[in-house]
Amino acid sequence: MEYSLDSYIRHHIDPEPEYLRQLDRRTNLRLINGRMCSGHIQGRLLKMLVEMIDPGMVLELGTFSGYSALCIAEGLREDAQLHTFEIDDELEDFIREGFSTSPHGKKITLHIGDASTELTGWEPESVDLVFIDADKREYRKYYDLCFPLIRKGGYMIADNTLWDGHVTEPPEKQSAQTREIIAFNDMVAADTRVEKVILPLRDGLTLIRKL
């Protein structure tokens, strides 16, 4: 059988649970920009990373259809919690529908609103893991907002940090979002309070550990 590289990988990792496969299909049929859904490969990685980190408290900024939230929840132990924040209130019913199909949905608390406001007053160093997948133009703000909330030794994961490879384009070709992703990557690279690595998976995934 002849495979594309992406297809080859999908056939040689754990299968996508049926409720996630159905959610991915509904996302691409019913929502604009369905490709924003994390999908099979990234979803299995998120689950495994969560199992490795074993967090008790997780924040996700940018729920979209709820696919990544369910992958994170799948990797959580039963007494752990995920709080996910989505600014688009028109997605709420779709998200809750997806959560209801999973045995792990009970670990998730959905917040509809701006995470910048919702996280005000959150207890410092009370979070073990943050997954950032929201407005790319706000990544630096989200980083600064979440950093004090993460315990020492805790993690931040930022999605889309290679932005379809546009981060390597000459300045005259860069969009506003590309410039903001580049600024975020430069900020993280220069931050001596963390260790970091960028995985060239899908659209780029940066793993950040607070020292």
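Below is a short write-up of the structure.

**What to know about helix 3 (residues 39-53)**
Right, on to step 1. With 15 residues, helix 3 ought to run about 21 Å at 1.5 Å a step, and its terminal C-alpha atoms sit 21 Å apart, in line with that.
Right, on to step 2. Among the 15 residues in helix 3, 11 count as buried, and that is most of the element.
Right, on to step 3. Within helix 3 the residues assigned to the buried category are G39, H40, I41, Q42, G43, R44, L46, K47, L49, V50 and I53.
Right, on to step 4. Packed against the buried residues of helix 3 are helix 1 (5-10), helix 2 (18-30), helix 4 (67-75), strand 4 (127-132), strand 5 (150-159) and strand 7 (205-210).
Right, on to step 5. Of the residues trailing helix 3, D54 is marked for its positive phi of about 55°.

**Concerning the environment of L20**
Right, on to step 1. Along the chain, the position of L20 falls in helix 2.
Right, on to step 2. Relative accessible area serves as the criterion here: at 0%, L20 is assigned to the buried category.

**Some remarks on the sheet that holds strand 4**
Right, on to step 1. Here we have 7 strands laid out as an open sheet, ordered 3-2-1-4-5-7-6, and mixed in their pairing. Taken across any chain shown, the strands that pair with only one partner, and hence form the sheet edges, are strand 3 (108-112) and strand 6 (194-199). Each strand axis lies, on average, 15° off the axis of its neighbour in the sheet, ignoring direction.
Right, on to step 2. Sheet topology note: the strand 6/strand 7 ladder contains 6 bridges and is antiparallel. In the sheet register, L199 faces strand 7, and the bridge partner there is L205.
Right, on to step 3. Sheet strands touched by helix 7 (residues 139-146): strand 1 (57-61), strand 4, strand 5, strand 6 and strand 7. Its angle to strand 5, the strand with the most contacts, is close to 165°.

**Remarks on the pattern of salt bridges**
Where charged atoms from two side chains of opposite charge approach closely, those side chains can pair.
Right, on to step 1. As enumerated under the stated definition, the model contains 20 salt bridges in all.
Right, on to step 2. In this structure, K152 engages E125 in a salt bridge whose closest nitrogen and oxygen atoms are separated by 3.1 Å. Remark: E125 occurs in the loop between helix 6 (115-118) and strand 4 and K152 occurs in strand 5; sequence separation between them is 27 residues.
Right, on to step 3. Take K152: its relative accessible area is 56%, and that puts it in the exposed class.
Right, on to step 4. Look at E125 and you get partly exposed, because its relative accessible area is 42%.
Right, on to step 5. Where D128 meets R151, a salt bridge forms, and the shortest distance between an N and an O atom there is 2.6 Å. Residue D128 is located in strand 4, and its partner R151 is located in strand 5; the two are separated by 23 residues in the primary sequence.
Right, on to step 6. Given a relative accessible area of 14%, D128 falls into the buried group.
Right, on to step 7. A relative accessible area of 26% places R151 in the partly exposed class.
Right, on to step 8. Through salt bridges that share partners, R26, R30 and E97 make up one connected network.

Analysis parameters
Residues numbered from 1 in each chain as written. Predicted model: local features only at pLDDT ≥ 70, side-chain atom pairs only at ≥ 80, totals over all residues. Heavy atoms only, no water. Helix = DSSP H or I, 4+ residues; strand = E, 2+ residues; numbered from the N terminus. Expected span 1.5 Å × (residues − 1). Buried < 20%, exposed > 50% of the residue type's maximum accessible area, 1.4 Å probe, protein only. Contact = heavy atoms within 4.5 Å. Pairing = 2+ DSSP bridges. Axes fitted to C-alpha atoms, helices over the stretch in contact; angles between N-to-C directions. Salt bridge = Lys/Arg side-chain N within 4 Å of Asp/Glu carboxyl O.

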